[in-house]
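The primary structure of each chain is shown beneath.
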Amino acid sequence: MAKQLAKETELQLLRGKLGLICNDCSGHINKPGIAVNVAVPGIDLDQSSKVPVLVFLGKFISWRQEDGKTPHLIEQEKYLLKKWLPFLEEQGIKYLDEISALTGQDFITHIKQTGLAPKTIKTIVGTVEQSLTRAVAWNQIKTNPFRDGGKSLLELPEISGTQCKPRILSNEELALLFTHKKYGQYYEWLFYTGQRAGDVSALVYENIDPDKRELRLWIEKGDRYQTLALHQHLADQVTSRKRSNGPVFPNLFDLDKKKRSDKFKYARVALQKCLTKHGYALVNDEGDKAKLHSLRATAGQHIELSGGNRKDAAKHLGHSSENTIDEYIHQDTRIGNAILDKVPVIKPKGVA
C-alpha cells in the first residue's frame, strides 16, 4: 500500500510540474480538490486532451517491463529517458501531439553529433518509433508522426561497409574448435543451439531443463523469450555439471549487452586464430568469412543435411520467417546434388 501511495504522490507531483489542467474547470492540478482526467491506454481521448510525453513514456516503459526487466528493456528505457526525453525538453515539446517528422529528423541530427555509430542511431530511433506506434494503438495520438502509412518519413544515416556472410565450417573445423581449451564448450553451444553469440553468452542454468531437453532463451534481436529444443549432447553436459543456477559461461556473461559483446569478441578472435593456426583460410573465394556467426550458419546447414527443410532450419535458429536464413546460408552443393539426382537424364531414345 505504501508503494502504491508513493507512486500516486509521485504522479501528482509530475502532473503539477507538467501543468496539466482539469477538463471540467480548466483549473491547475496544484489547486486543492481538483480531479484530472488522465488519458489511459485503450480509452479514446477528447479532442482537447493533451497527453504529456513524460506520463506516456512512464506508462509505456511500465507496460514493456510487466514481465520483468531484461538487459534489452533496460537499454530501451535508457534510450527513451536519457536521450529522447531530454531532447524533447530542450525543444520545448511537452505533449505527444507536438511531435512531428521534423522533430524526429532533428533528433537524428542531434544524436549524430554525439558521435554514435549509425547502427546505434538506427536502434535508438527504432525504439522511439516503437513507442509512438504503441501510442497510436492506445489512442494517445491519431497517427505515428514518423510514418506515412508503411513509409518512413525519416532519413537515417547509412551504415558504411558491407556485411560479409559467415563462412560455413567443415566437420573437421568444428571438431578442431570444440577442443579449444578455453572456448570449446562455448563453440559447441553456439553450434548445437544455432543461436547468436550474445544470447548464448547470457544463458543461465535456470532456463535449461535437461530432462525435458528444453532451452528457454531470451532472443535479443527478436525482443522475446523463446523455448527451443536442446541437443542431447548439451543436455548431458548440463546434467554432468550438476548446476541449477547462474550463468552457463561466467567468463562471457554480463547483464549489460555492450559489456557482454566486449567479452565474447575474444571468443571470436580465438576462433579465427585457431583456424589459421591449423592452415584453414578465414575467407573463401566468395568473400564469406569464418566468425562466431559461422557456427549458427553451419547449424542451419546441418539441419538441412540431416533431412530437415528450410522451415525446420528457421525454427531451429529462432527465425520468425524461413526466408531470413537465405540471407546468410548458401545452398549446400550436397543438398543441390541430391535434388539434381532426381532429375532424369534425357537421351536420344528416351528417358534413362
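Now for a look at the structure at hand. Not measured: the values here are computed from a predicted model.

Here we come to the pattern of salt bridges. Under the criterion given, the structure shown has five salt bridges. Of the charged contacts, one joins aspartate 254 and lysine 263 as a salt bridge, the two residues approaching to 3.9 Å between their closest N and O atoms. You can call lysine 263 partly exposed: its relative accessible area is 28%. Here lysine 258 and aspartate 262 are joined by a salt bridge, their closest N and O atoms 3.6 Å apart. Taken together, the residues lysine 258 and aspartate 262, both in helix 10 (residues 257-277) and four residues apart, mark about one turn of the helix.

With that settled, the discussion passes to the nonpolar core. Counting 38 residues, the largest nonpolar core has Leu177, Tyr186, Tyr187, Trp189, Ile208, Leu292 and Leu295 as its most contacted members. Mapped by element, the contributors of at least two residues to this core are helix 6 (171-178), helix 7 (184-193), helix 8 (197-201), strand 4 (214-219), helix 9 (232-241), helix 10 and helix 11 (292-305). Not counting residues within four places of it along the chain, the set of residues in contact with tyrosine 186 comprises Ala197, Val200, Ser201, Phe249, Leu252, Phe264 and Ala267. Counting 28 residues, the second-largest nonpolar core is a separate cluster that includes Val53, Leu85, Ile121 and Phe146.

Tallied over the entire structure, the rule returns 16 aromatic pairs. Relative to phenylalanine 87, the ring of tryptophan 84 lies with its centre 6.4 Å away and its plane at 25°, an arrangement referred to as stacked. Here tryptophan 84 pairs with phenylalanine 87, and both are found in helix 3 (residues 71-90), just three residues apart, close to one helical turn. Classification of tryptophan 84 as buried rests on a relative accessible area of 1%. Classification of phenylalanine 87 by relative accessible area gives buried; the value is 3%. Here tyrosine 186 and phenylalanine 249 contribute two aromatic rings whose centre-to-centre distance is 5.3 Å and whose plane-to-plane angle is 75°, an arrangement assigned as edge-to-face. One end of the pair, tyrosine 186, is in helix 7; the other, phenylalanine 249, is in the loop between helix 9 and helix 10, and 63 residues separate them in sequence.

Attention shifts here to the pairing of strand 4. Where strand 3 (residues 208-209) lies against strand 4, two bridges are found, and the strand directions are antiparallel. Among the inter-strand pairings, isoleucine 208 is bridged to a residue of strand 4, identified as leucine 215. Joining the antiparallel neighbours strand 3 and strand 4 is a turn of four residues, in which arginine 213 adopts a positive phi near 55°. Of the pairings in the sheet, the one linking strand 4 to strand 5 (residues 224-229) comprises six bridges and is antiparallel in character.

Next up on the list: the side chain of glutamine 195. Tracing the chain through its elements places glutamine 195 in the loop between helix 7 and helix 8. In this structure the side chain of glutamine 195 is engaged in a polar contact, spanning 3.1 Å, whose partner is the backbone oxygen of threonine 193. Dropping the residues within four chain positions of it, glutamine 195 is found in contact with Leu190, Val200, Leu217, Ile219, Leu228, Arg296, His316, Leu317 and Gly318.

Our focus in this paragraph is helix 5 (residues 118-137). Its 20 residues give helix 5 an end-to-end C-alpha distance of 29 Å, which sits within 8% of 28 Å, the value for a rise of 1.5 Å per residue. Of the surrounding secondary structure, the elements contacted by the buried residues of helix 5 are helix 2 (53-64), helix 3, helix 4 (101-112) and strand 1 (147-148). Note on helix 5: the residue one or two positions beyond its end, asparagine 139, has a positive phi of about 65°.

About the cut-offs
- Residues numbered from 1 in each chain as written.
- Predicted model: local features only at pLDDT ≥ 70, side-chain atom pairs only at ≥ 80, totals over all residues.
- Heavy atoms only, no water.
- Salt bridge = Lys/Arg side-chain N within 4 Å of Asp/Glu carboxyl O.
- Buried < 20%, exposed > 50% of the residue type's maximum accessible area, 1.4 Å probe, protein only.
- Helix = DSSP H or I, 4+ residues; strand = E, 2+ residues; numbered from the N terminus.
- Core = buried A, V, L, I, M, F, W, Y, C linked by side-chain atoms within 4.5 Å.
- Contact = heavy atoms within 4.5 Å.
- Phe/Tyr/Trp six-rings, centres within 6.5 Å; stacked < 30°, edge-to-face > 60°.
- Pairing = 2+ DSSP bridges.
- Polar contact = N/O pair within 3.5 Å; in protein donor to acceptor, adjacent residues only side chain to side chain.
- Expected span 1.5 Å × (residues − 1).

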